[in-house]
Amino acid sequence: MRTVELTLDGPTESAVRRVWEELAELGLPGQGLRPSAANRPHLTLGTCHELTDSMRESLAEAFTALPLEVEFTRPVRFGGRSRTVAWEVSPTDALLALQLRVWRVIDAQNPYHHPAVWVPHVTLARTLRPGDAWQERAWRLLQGRPAVPAVLIGARSYDHATDTAEDLPPADRAAPAGE
């Protein structure tokens, strides 16, 4: 399984990593404790089984929409086998249009990434078990924080099988030499 994700500018990534550190200081299982060289703050647009060359070309065209200015607005919680606490990202028209375009290109299969139900977010802590006090502690830590301006600047694909990430650059916007 592969994800298609947006990456953050330096100040935004630092803000997320600070929250990861705060969670770790409280003994909570934040994303900062995940031991992977590919682990970094990101916003997932969709998942697919593989990325073909034609998909990469179409994604490169889509990513010319970057950078996008958004806000991290409030904490959100997601359920399922494990619990997740995340920062919701403002669903601007530009972000929603980009996610829809990516969804169509990769023929995404995960129903949580369907454009009609997708909640843009950056994960702060997960694998919190139902009824676990950790989730409530993480939730309380994030409540009442002001919105954080954020910039989505790049794209990548994370490969779950190999625990590696690949940059997905935008198509070259410059005209070829001599034109």
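Right above here is the structure, for reference.
Residues numbered from 1 in each chain as written. Predicted model: local features only at pLDDT ≥ 70, side-chain atom pairs only at ≥ 80, totals over all residues. Heavy atoms only, no water.

A. Local environment of the packing of aromatic side chains. The full count for this structure, using the stated rule, is one aromatic pair. Relative to W87, the ring of F72 has its centre 5.1 Å away and its plane inclined at 45°; by these criteria the two rings are tilted. Within this pair, whereas F72 is found in strand 3 (residues 68-78), its partner W87 is found in strand 4 (residues 83-89), the two being separated by 15 residues in sequence. Comparing F72 with W87, the two get one shared label, buried. (Phe/Tyr/Trp six-rings, centres within 6.5 Å; stacked < 30°, edge-to-face > 60°. Helix = DSSP H or I, 4+ residues; strand = E, 2+ residues; numbered from the N terminus. Buried < 20%, exposed > 50% of the residue type's maximum accessible area, 1.4 Å probe, protein only.)

B. Looking closely at helix 1 (residues 10-25). Between its first and last C-alpha, helix 1 extends 22 Å over 16 residues, near the 22 Å set by a 1.5 Å rise per residue. Those residues of helix 1 not exposed but buried are T12, E13, A15, V16, V19, W20 and L23. Looking straight down helix 1, one finds its buried side chains confined to an arc of 160°; they lie on one side. Exposed side chains of helix 1 directed beyond 90 degrees from the buried face belong to P11 and E25. (Expected span 1.5 Å × (residues − 1). Arc of directions from axis to C-beta.)

C. Quick peek at empty space enclosed by the protein. In total, this model carries one cavity of 30 Å³ or more according to the counting rule given. Reported here for the largest cavity is a volume of approximately 30 Å³. W20, Q31, N39, R40, P41, H42, V122 and T123 are the residues that line the largest cavity. Class assignment of the residues belonging to the lining of the largest cavity gives a composition of three nonpolar, four polar and one charged. (1 Å grid on protein atoms, 1.4 Å probe; cavity = no way out; pocket = protein on both sides within 12 Å on 5 of 7 lines; lining within 4 Å. Points joined across faces, edges and corners; volume = space filled by probe spheres on them. Nonpolar A, V, L, I, M, F, W, Y, C, P; charged D, E, K, R; others polar.)

D. Spatial organisation of the pairing of strand 1 (residues 2-8). Among the seven residues of strand 1, seven are classified as buried, and the element is accordingly described as predominantly covered. Side chains R2, V4, L6 and L8 of strand 1 all project onto a buried face; the interleaved residues T3, E5 and T7 project onto the opposite face, where all are buried too. Here strand 1 runs beside strand 2 (residues 42-48); their pairing, made up of six bridges, is antiparallel. Across the sheet, the residue bridging to R2 is C48, located in strand 2. When strand 1 meets strand 6 (residues 148-159), the two strands line up antiparallel, connected through seven bridges. In the sheet register, V4 faces strand 6, and the bridge partner there is S157. (Pairing = 2+ DSSP bridges.)

E. A look at the side chain of T123. Residue placement: T123 occurs in strand 5 (residues 121-128). Assessed through its relative accessible area of 15%, T123 is described here as buried. Once residues lying within four places of it in the same chain are set aside, the contact partners of T123 are W20, Q31, T84, V85 and A86. (Contact = heavy atoms within 4.5 Å.)

F. Main features of the packing of helix 2 (residues 53-62) against helix 3 (residues 93-106). Two elements in contact, helix 2 and helix 3, have axes separated by 10 Å at closest approach and are oriented at 170°. When the axis of helix 2 is compared with that of helix 3, the two are roughly antiparallel. For the pair helix 2 and helix 3, the contacting residues are M55, S58, L59, E61 and A62 in the first and L98, R101, V102, V105 and I106 in the second. Its residues placed into classes, the contact of helix 2 with helix 3 shows seven nonpolar, one polar and two charged. (Axes fitted to C-alpha atoms, helices over the stretch in contact; angles between N-to-C directions. Parallel < 35°, antiparallel > 145°, perpendicular 65-115°, else oblique.)

G. Representation of the pattern of salt bridges. Tallied over the entire structure, the rule returns eight salt bridges. Across the pair E22 and R145 runs a salt bridge, and its minimum N-O distance is 2.4 Å. Placement of E22 in helix 1 and of R145 in the loop between helix 4 (133-142) and strand 6 is noted, with a sequence separation of 123 residues between them. By relative accessible area, which is 27% here, R145 ends up partly exposed. Residues participating in the shared-partner salt-bridge network are R2, R56, D159 and E166. (Salt bridge = Lys/Arg side-chain N within 4 Å of Asp/Glu carboxyl O.)

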